[in-house]
Amino acid sequence: MCKENLPYLCALGSDPGPCAVRLSVPSSSNSQSRTDSPGLAQVWPRRAQRSGCGCGCGGTDADIGTFLSVARHQNVWILLFVLDSKVGRPRDVTSSPREPLRTCEQERLPSTAAFSFFTFSAHSHLPSHSGLMVVDSGTMEPAEEQQQEQEEEEEEEEEEMLGLDSEEENSEMSDDELQEAFASGLLKPGMNVLVDQPKKHVNNVEGMKQCLADFRKDLPWVERLVLTNPPAEDVLSQAEGKVPKPANGDVNADDDFQREMFFYRQAQATVLEALPLLSKHGIATKRPEDYFAEMAKSDQHMQKIRKKLISKQMILEKSEKAKKLREQRKFGKKVQVEVIQKRQKEKKAMMTAVKRYQKGMTDKLEFLEGDKKQPGKDSAQGSKKAAAKKGPNAKRKFKDQKFGFGGKKSGKKWNTKESFNDVSSFRAKVANAKGGKKGKGGKQNKRPGKSVRKKMKGRS
Amino acid sequence: MSAFKRKRGGQGAVGKKAKKAKVVADRDGAPSETEQGTKNEVTVPAPVSSGKWTNKERVLIFSSRGINFRTRHLMQDLRTMMPHSKADTKMDRKDKLFVVNEVCEIKNCNKCLFFEAKKKQDLYMWIANSPHGPSAKFLVQNIHTLAELKMTGNCLKGSRPLLSFDPKFDKEPQFALLKELFIQTFSTPHYHPKSQPFVDHVYTFTIADNRIWFRNYQIIEEDASLVEIGPRFVLNLIKVFQGSFGGPTLYENPDFKSPNMVKPSSCLLKLYAWYFCK
């Protein structure tokens, strides 16, 4: 990079606001334009100077950093320089580097993260197509996006910039001018780079046709066995009534299955068309059984393939079997549970029947016979019917007798002829039982007394 | 039988068949019967001998240094499938590309399939008509070789293929040119001495997603049931040249993105590296 190529740069800061950096060079082309710019003795390494803060802090020329390296990437020069540790955003810099910093409202950039991208085009007569960004790790991305945005606007801005620059070259760039330029929208923050014209791709149609005409060989079909055809009809999917492919025949390359089926059907269509042609020319497609010849894949390889296919099938079968077994087990469990429940129900029914008999509600012993005569449901219903048939129970009857039908029966005759002849309250069992249960039935439990138990214990 | 002199365009194939029959004979001990059997069967086509091999196409298939195993297998598969092909040793990358033309001339080949591996990742394929004709450069992707166990088909070694093209090949001039190149390169000439007289497989070339997809199917039944044999690959056209391995560019694919462009430039990488190391 030679000295003449380092122009006067008008640089603008990143999104929060504009800022300008001037790269002082003693280059002959520019020096007369800035009579009172401080010239530095050497071009390289360069102390970057900042000439005024756009946000109105009022800072003037000041050193802000040191150059590190330069590189060129696709028509953009990139200069790396490190801002001084006391420098935050350029707007933060005050009049001289030795004075303590006067901070702006915005926060200061940490020194470790402060480095800047500095770009300018190779054309020295168009100096101001560059922008300065103070980039820290967080804001690196948006700045680059801005660069892309700026690229389109680059073309339009060029004219205005040119006009602006010619003025500026004559006069020293001041903060106010920059502010005005920014306000009017001519200068935008971010990197402004020259963009190449879009690359033109060669498409020499005539040349290709000529070449094809020269190159083409006219041979009979038998020599080349070529067919051009779209794929055959998709019989399966039509039969299933699926959605047909797009009519233009464009296959979606990402849908693997559809794509492969497309190729398959294309091959099929070719084969269907070609077979009659081949037979016409006397070329066979089927080889006889005893025609032994070398194959493209060795027999060993085909054995491997066969084994793989068989193993795949085995795995499938095994998994099917396992699934079935699991299902069966689940089913078996269900059946088992049902059987247990049924048994429990039967037991319950039996117990209730026995209790009924014990309480004297029924004197039938049919529940002992089990399921033969009555299935579980019928016996339950039978007992219900019997209960219903009996009508209200004894308690109800007594109360009806005492209080029902108009109240007390006191003062009425009793021991009349009718009441004497009434034997409905006769209980044969009770009457005939000799020394049966007394009251509640005597001892409900047959447990012997303490003395008897002691005797039993002593004996055993 | 062994006394048969094997001539090109003469009794060559009959001799070959006889040789095979002889091998069978060693096992079975009935040579004459088998031979007579093949002669008596109507379905056996006329042997290769009864025609003259006129369409003299020879394809040179070779590669540069630095290819990986998949590419090597692909090359071998193509040589297996194409009996009219010849092999050559690897070319040093120091030599310029037009040297390939000279190699072709030495080998007396008029077509060339040259595989070039860059950075041990990208595979480029050149297909060229050797002395004067057009050539094209492709980026090859999605390579599957014959040896993959999912490709269950098989075919005779050296049997002639059917070629099947997408109708899209006729619509644009660059594809029409490529179609002619493919036809002349991949189709086995009639009555080639190493070819088998049956047609039992079909190559398909299809255009999808602006790329050319190649598939190879075996014809099992007369009702066109097919099984894939392999190999299979995808070609992404880069450029078509008027000359062989050089010459003016006739066509450049605008949709082609070089694999290098996907990677960031070394300059930017250095900057980023410097920043993060700091």
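Values in this document were obtained by computation on a predicted structure and should not be read as measured data.

Novice: Which parts of the structure should I look at to understand the overall build of chain A?
Specialist: Within chain A, the regular secondary structure consists of 13 helices and seven strands. Counting every position in chain A, which comprises 460 residues, the buried fraction comes to 32%. A total accessible area of about 31,700 Å² is found for chain A, and carbon and sulfur atoms account for 54% of it.

Novice: Just to check I follow, could you spell out the overall build of chain B for this structure?
Specialist: In terms of regular secondary structure, chain B is built from seven helices and eleven strands. A total of 278 residues make up chain B; the buried ones form 57% of that total. For chain B, long-range pairs separated by at least 24 residues make up 65% of all intrachain contacts whose partners lie at least 6 apart in sequence. Carbon and sulfur atoms make up 52% of the accessible area of chain B, which totals about 12,500 Å².

Novice: When you look at helix α4 (residues 205-215) of chain A in this model, what are you seeing that I'm missing?
Specialist: The periodicity of an α-helix, 3.6 residues per turn, causes residues three or four places apart in sequence to face the same way. Turning to α4(A), its buried residues are Gly207(A), Met208(A), Cys211(A), Leu212(A) and Phe215(A). Along the axis of α4(A), the buried positions cluster into a sector of 135°, meaning they face one direction only. Seen from the buried face of α4(A), the exposed residues on the opposite side, beyond 90 degrees, are Glu206(A), Ala213(A) and Asp214(A). Where α4(A) is buried, its residues contact β3 (111-118), β4 (122-129), α5 (173-186), β10 (232-243) and β11 (246-252) of chain B.

Novice: Looking at this model, I keep getting lost on the interface of chain B and chain A. Mind explaining?
Specialist: Many descriptions give the size of an interface as the accessible area lost when the pieces come together. Each partner contributes residues to the interface: chain B has 88 residues there, and chain A has 77 residues. Summed over both partners, the interface of chain B with chain A buries about 7,300 Å², with 64% contributed by carbon and sulfur atoms. By the criterion of area lost to chain A, the three top residues of chain B are Leu149(B), Glu222(B) and Tyr275(B), representing 9% of everything that side buries. Taking the shortest distance from any N to any O, the salt bridge between Lys157(B) and Glu294(A) comes out at 3.4 Å. Scanning the region where chain B abuts chain A turns up 33 residue pairs in polar contact (both at pLDDT 80 or more). With ten residues, the single largest contributor to the side of chain B that touches chain A is strand β7 (residues 196-208) of chain B. The residue makeup of the side of chain B that touches chain A, split by class, is 43 nonpolar, 23 polar and 22 charged. In this structure, strand β7 (residues 226-228) of chain A lies alongside strand β6 (residues 159-165) of chain B, joined through three bridges in parallel fashion. Across the sheet, Val226(A) pairs through a bridge with Leu163(B), a residue of β6(B).

Novice: Whenever I open this one, the side chain of Ser159(B) confuses me. Can you help?
Specialist: Residue and element names in this part refer to chain B. Along the chain, Ser159 turns up in strand β6. Within the structure, Ser159 has its side chain in polar contact with the side chain of Asp200 (distance 2.7 Å). At 3.1 Å, the side chain of Ser159 forms a polar contact with the side chain of His201. Look past the residues within four positions of Ser159 in its chain and what remains in contact with it is Thr188, Gln196, Phe198, Asp200 and His201.

Novice: Just checking my understanding: could you explain a nonpolar patch on the surface for this structure?
Specialist: A surface patch of nonpolar side chains, about 250 Å² in accessible area, is lined by Phe331(A), Val335(A) and Val339(A). Within the fold, Val339(A) resides in helix α8 (residues 299-359).

Novice: I keep staring at the nonpolar core and nothing clicks. Help me out?
Specialist: Counting 49 residues, the largest nonpolar core has Phe138(B), Phe182(B), Phe186(B) and Phe205(B) as its most contacted members. Looking at this core element by element, the count peaks at eight residues for α5(B). For Phe205(B), the residues in contact, after removing those within four places along its chain, are Gln266(A), Leu163(B), Ser164(B), Phe165(B), Asp166(B), Phe169(B), Phe182(B), Phe186(B), Ile212(B), Trp213(B) and Phe214(B). If you look at the next biggest cluster of nonpolar residues, it comprises 23 residues, including Leu225(A), Ala253(A), Leu275(A) and Val202(B).

Novice: Please clarify how the pattern of salt bridges should be interpreted in this entry.
Specialist: When the charged atoms of two side chains with opposite charge come close together, those side chains can pair. Evaluated as defined, the whole model comprises 14 salt bridges over all chains. Between Asp256(A) and Arg259(A) there is a salt bridge; the shortest N-O distance is 3.1 Å. Of this pair, Asp256(A) and Arg259(A) both sit in helix α7 (residues 256-281), three residues apart, which is roughly one turn of the helix. Since its relative accessible area comes to 47%, Asp256(A) is described here as partly exposed. Notably, a salt bridge pairs Asp400(A) with Arg396(A), separated by 3.6 Å at the nearest N-O pair. Residue Asp400(A) and its partner Arg396(A) are located together in helix α10 (residues 394-403), separated by four residues, close to a single helical turn. Its relative accessible area of 32% is what places Asp400(A) among the partly exposed residues. Through salt bridges with shared partners, a single ionic network connects Asp256(A), Arg259(A), Glu260(A), Arg215(B), Glu228(B) and Arg232(B).

Novice: Could you clarify how one ought to interpret the confidence of the model for chain B in this entry?
Specialist: Keep in mind that low pLDDT regions are not for reading the predicted coordinates in detail. Residue and element names in this part refer to chain B. A residue-level look at chain B finds 81% of positions with pLDDT of 70 or above and a mean pLDDT of 81. This model gives residues 4-41 a pLDDT under 50, and the stretch forms 41 contacts once residues within four places in sequence are excluded. In the predicted assembly, ipTM is 0.78 and pTM is 0.54.

Novice: Explain the pairing of strand β8 (residues 211-219) of chain B here, please?
Specialist: Regular strands place side chains that alternate from one sheet face to the opposite one. Residue and element names in this part refer to chain B. Here β8 lies mainly inside the structure; eight of its nine residues are buried. In this sheet, β8 lies alongside β7 in antiparallel orientation, the contact comprising eight bridges. By the bridge assignment, Ile207 is partnered in β8 with Ile212. In textbook terms, the turn of a hairpin is the stretch between consecutive antiparallel strands, and for β7 and β8 this stretch comprises two residues, one of which, Asp209, has a positive phi near 60°. In this structure, the hairpin formed by β8 and strand β9 (residues 226-228) is closed by a connection of six residues, where Ala224 is found at a positive phi of approximately 65°.

Novice: Teacher, can you tell me more about the packing of aromatic side chains here?
Specialist: In this description, a pair of aromatic rings is defined by centroid distance and the angle of the planes. Residues and elements named next belong to chain B. What the rule picks out here adds up to 21 aromatic pairs over all chains. Relative to Phe175, the ring of Phe169 lies with its centre 5.9 Å away and its plane at 70°, an arrangement referred to as edge-to-face. Residue classification places Phe169 among the buried residues on the basis of a relative accessible area of 0%. Accessibility expressed as a relative area gives 7% for Phe175, which makes it buried. When the ring centre of Trp53 is taken as origin, the NZ or CZ atom of Lys56, which lies over that ring, is 5.0 Å away. Stacked on the ring of Tyr124, the Lys or Arg Lys137 has its end atom at 4.6 Å from the ring centre.

Novice: Sorry if this is basic, but what is going on with unusual backbone geometry here?
Specialist: Backbone phi values are negative for most residues with the exception of glycine, while trans is the configuration of most peptide bonds. That bond from Gly230(B) to Pro231(B) is cis: its omega, -5°, falls within 30 degrees of zero. With a phi close to 60°, Asn415(A) is a non-glycine residue in the positive phi region. Within the element layout of this structure, Asn415(A) appears in the loop between α10 and α11 (417-421). Unusually for a residue other than glycine, Asn210(B) sits at a positive phi of about 65°. Among the structural elements, Asn210(B) can be located in the loop between β7 and β8. Given the relative accessible area of 32%, Asn210(B) is considered partly exposed.

How each quantity is defined
Residues numbered from 1 in each chain as written. Chains lettered and ligands numbered in written order. Predicted model: local features only at pLDDT ≥ 70, side-chain atom pairs only at ≥ 80, totals over all residues. Heavy atoms only, no water. Helix = DSSP H or I, 4+ residues; strand = E, 2+ residues; numbered from the N terminus. Buried < 20%, exposed > 50% of the residue type's maximum accessible area, 1.4 Å probe, protein only. Areas by Shrake-Rupley, 256 points an atom, 1.4 Å probe, with all protein chains shown as cover. Contact = heavy atoms within 4.5 Å. Arc of directions from axis to C-beta. Buried area = accessible area lost by both parts, 1.4 Å probe. Salt bridge = Lys/Arg side-chain N within 4 Å of Asp/Glu carboxyl O. Polar contact = N/O pair within 3.5 Å; in protein donor to acceptor, adjacent residues only side chain to side chain. Nonpolar A, V, L, I, M, F, W, Y, C, P; charged D, E, K, R; others polar. Pairing = 2+ DSSP bridges. Patch = residues over 30% accessible without salt bridge, like charges linked within 9 Å, V, L, I, M, F, W, Y side chains within 5 Å. Core = buried A, V, L, I, M, F, W, Y, C linked by side-chain atoms within 4.5 Å. pLDDT = per-residue confidence, 0-100. Phe/Tyr/Trp six-rings, centres within 6.5 Å; stacked < 30°, edge-to-face > 60°. Lys NZ or Arg CZ within 6 Å of the ring centre and 35° of its normal.

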